[in-house]
Amino acid sequence: MAAQTAKGLASILAKSPSDIVILSSLRTPITKSYKGLQKDAYPEELLTTVLKGTLSATPNLDPKKIDDVAVGVVLSELGGSKASRMALNAIPEFDTSSTSLYTVNRACSSSLQAITGIAGQISTGMIDAGIGAGMESMTRNYGSKAIPVHVWPKLKESPIADARDCIMPMGLTSENVAERYGVSREEQDAFAVESHRRAARARENGWFKKEIVPVTTRFQEFDKQGEKVGEEREVTVTEDDGIRPGVNIEGMKKLKPAFKADGKSTAGNSSQVSDGAAATLLMRRSTATELGLTGNIIGKFVGSAVAGCKPDEMGIGPAVVIPKLLGMYGLQNKDIDRWEINEAFASQAIYCVRELGLEQELADEKVNPDGGAIALGHPLGATGARLVATLLHGLERSQGQVGVVSMCIGTGMGMGGLFVREY
């Protein structure tokens, strides 16, 4: 398939009736698990909110024209399939006889995979329009730390390290990257502080507002002993709450290693455990034209790629997949106006930036200019679509055109997506 793609920047920017265009890309606030204002919300509740927001963002679209919805989810019971379908069916504007739904799990890239799946369905003529979404409540479903409880013992004891290491705790993979590729504790702490600084600036300036759909839900406060404080109350959540504007190097230095006694990864320089949802509405350009929706187009999906790596250093995934992705389309780093590289851990984000030759782009705030998962959080199933929303709205502010999102994936993979912002 890659051999048949148009190559070069001019080809990527050219418009065609067969393009897969984006009419909306939105997310809920991303909030801290266990403590944040969305801790009592169900993942499908967050999905409902962002799906409703998607319809509101395109009021001149008949929801019956949305053929299929793909939802990335990692932790929910039964893969979230029944709860997601219930959420869709509970929205009166959707017609369950014309709009279907499925869920997908490619760990941290699940909702980018959902977007890719919908795009593939459109490109092959299976559907004309669809939504690629993602949801996660790590508050409700992170009890096993994303490590399966019931696994065939022969795999857990396999003589093949790459099989055993698929269930290695993610924090240990971060330590491996730091040790193998020389990423210091000081560098990781500085990277984390900068992530918070950029995210705090974006929140203060209202830069996230256009991509966020407020969530109205319930919240019950508890004290440190687990006793209720006051009554459950209704809250409307409008902002990400994991950002720490005042964080500094001195504070970061005080944090103890989180995953091994002599390690370099801490709670401060690792991504936050979070709750959230996101959704992107895609359509064939010719369909948008037929429906009178060309004025709603904000961008287009160009393509995506996946690549494998060793499970015990899964964090290097973006450094492996991004060259593959750019090569598929004949692009170079200089052709990209904005990069959103998921900050699973500062160790792997720093390594990937170095390996990709993006140090100057990071300094120039073309890489994660509004912070990343260290400050914003990483709700596993929703992160891919969250990155796309931040990318497209961020490109609008800078009047950029071409952007890349990428993330590492537990068990040893990287995934990347190439997008164009249209005006």
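Q: Can you walk me through the overall build of the protein in this structure?
A: Scanning the protein from terminus to terminus reveals 16 helices and twelve strands. Its C-alpha atoms give the protein a radius of gyration of 20 Å, within 12% of the compact-globule value 22 Å for 423 residues. In terms of overall dimensions, the protein has a C-alpha envelope of 60 × 55 × 50 Å along the principal axes. Sorting the 423 residues of the protein into buried and exposed places 57% on the buried side. Taking all contacts inside the protein whose residues are at least 6 apart in sequence as the whole, residues at least 24 apart take part in 80%. Element-wise, carbon and sulfur atoms account for 53% of the exposed surface of the protein, whose accessible area totals about 17,300 Å².

Q: Explanation requested: the nonpolar core in the structure shown.
A: Most often, soluble globular proteins have nonpolar side chains that are buried together. Residues Ile 322, Tyr 329, Ile 336, Trp 339, Val 404 and Leu 418 are the most contacted members of the largest nonpolar core, which totals 39 residues. At the level of elements, helix 8 (170–181), helix 9 (185–204), strand 9 (299–308), helix 12 (317–328), strand 10 (338–341), helix 13 (346–355), strand 11 (402–409) and strand 12 (413–421) are the ones that each hand at least two residues to this core. If near-sequence neighbours (up to four positions away) are discounted, Trp 339 is found in contact with Ile 322, Leu 326, Asn 333, Leu 358, Glu 361, Lys 366, Val 367, Asn 368, Pro 369 and Val 404. Within the second largest apolar cluster, 32 residues are counted, among which are Phe 94, Ala 129, Ala 277 and Ala 279.

Q: Would you explain helix 4 (residues 110–123) in this entry?
A: Given 3.6 residues per turn, any residue in an α-helix points the same way as the ones three and four places further on. For helix 4, spanning 14 residues, the distance from its first C-alpha to its last is 20 Å, which sits close to the expected 20 Å at 1.5 Å a residue. Taken across its 14 residues, helix 4 has eleven buried, putting it largely inside the fold. What helix 4 keeps buried is the set Ser 110, Ser 111, Leu 112, Gln 113, Ala 114, Ile 115, Thr 116, Ile 118, Ala 119, Gln 121 and Ile 122. Once helix 4 finishes, Gly 125 follows within two positions and takes phi at roughly 85°, a positive value.

Q: Sorry, what's going on with the layout of surface pockets here?
A: A water-sized probe rolled over the atoms picks out the places where empty space is left. There is about 1,300 Å³ of room inside the largest pocket. Taken together, 41 residues line the largest pocket, and the ones lying closest to its centre are Met 138, Tyr 142, Lys 145, Ala 146 and Val 273. Looking at the lining of the largest pocket, the elements that each hand over two or more residues are helix 5 (138–141) and helix 8. Taken together, the residues of the lining of the largest pocket break down into 24 nonpolar, 13 polar and four charged.

Rules of the game
The numbers attached to residues start from 1 for each chain and follow its sequence in the written order. It should be noted that, the model being predicted, local features are given only for residues of pLDDT at least 70 and side-chain atom pairs only at 80 or more, the latter also being counted only at that level, while totals for whole chains, interfaces and linings use all residues. Water and hydrogen atoms play no part in the side-chain values, which are based on all heavy atoms of the structure. Helix numbering and strand numbering both begin at the N terminus, where a helix is a DSSP run of H or I of at least 4 residues and a strand a DSSP run of E of at least 2. Throughout, the radius of gyration refers to the C-alpha atoms, and the reference size of a globule is 2.2 Å times the residue count to the power 0.38. Relative accessibility under 20% of the residue-type maximum defines a buried residue, over 50% an exposed one, and the middle range a partly exposed one, all with a 1.4 Å probe and only protein chains included. By the convention used here, residues are in contact when the closest approach between their heavy atoms is within 4.5 Å. Every accessible area reported is derived by Shrake-Rupley at a probe size of 1.4 Å, with residue values counting cover from the shown protein chains alone. To qualify as a nonpolar core, a set must consist of buried Ala, Val, Leu, Ile, Met, Phe, Trp, Tyr and Cys residues joined through side-chain atoms within 4.5 Å. The span expected for a helix works out to 1.5 Å for each residue beyond the first. Put simply, the grid is 1 Å and covers the protein atoms alone, a cavity is a trapped set of points that fit a 1.4 Å probe, a pocket is an open set with protein on both sides within 12 Å along at least five of seven lines, and lining residues have an atom within 4 Å of a point. Grid points are joined across faces, edges and corners, and a volume is the space filled by probe spheres set on the points. In the scheme used here, Gly and all other residues not listed as nonpolar or charged are polar, with Ala, Val, Leu, Ile, Met, Phe, Trp, Tyr, Cys and Pro taken as nonpolar and Asp, Glu, Lys and Arg as charged.

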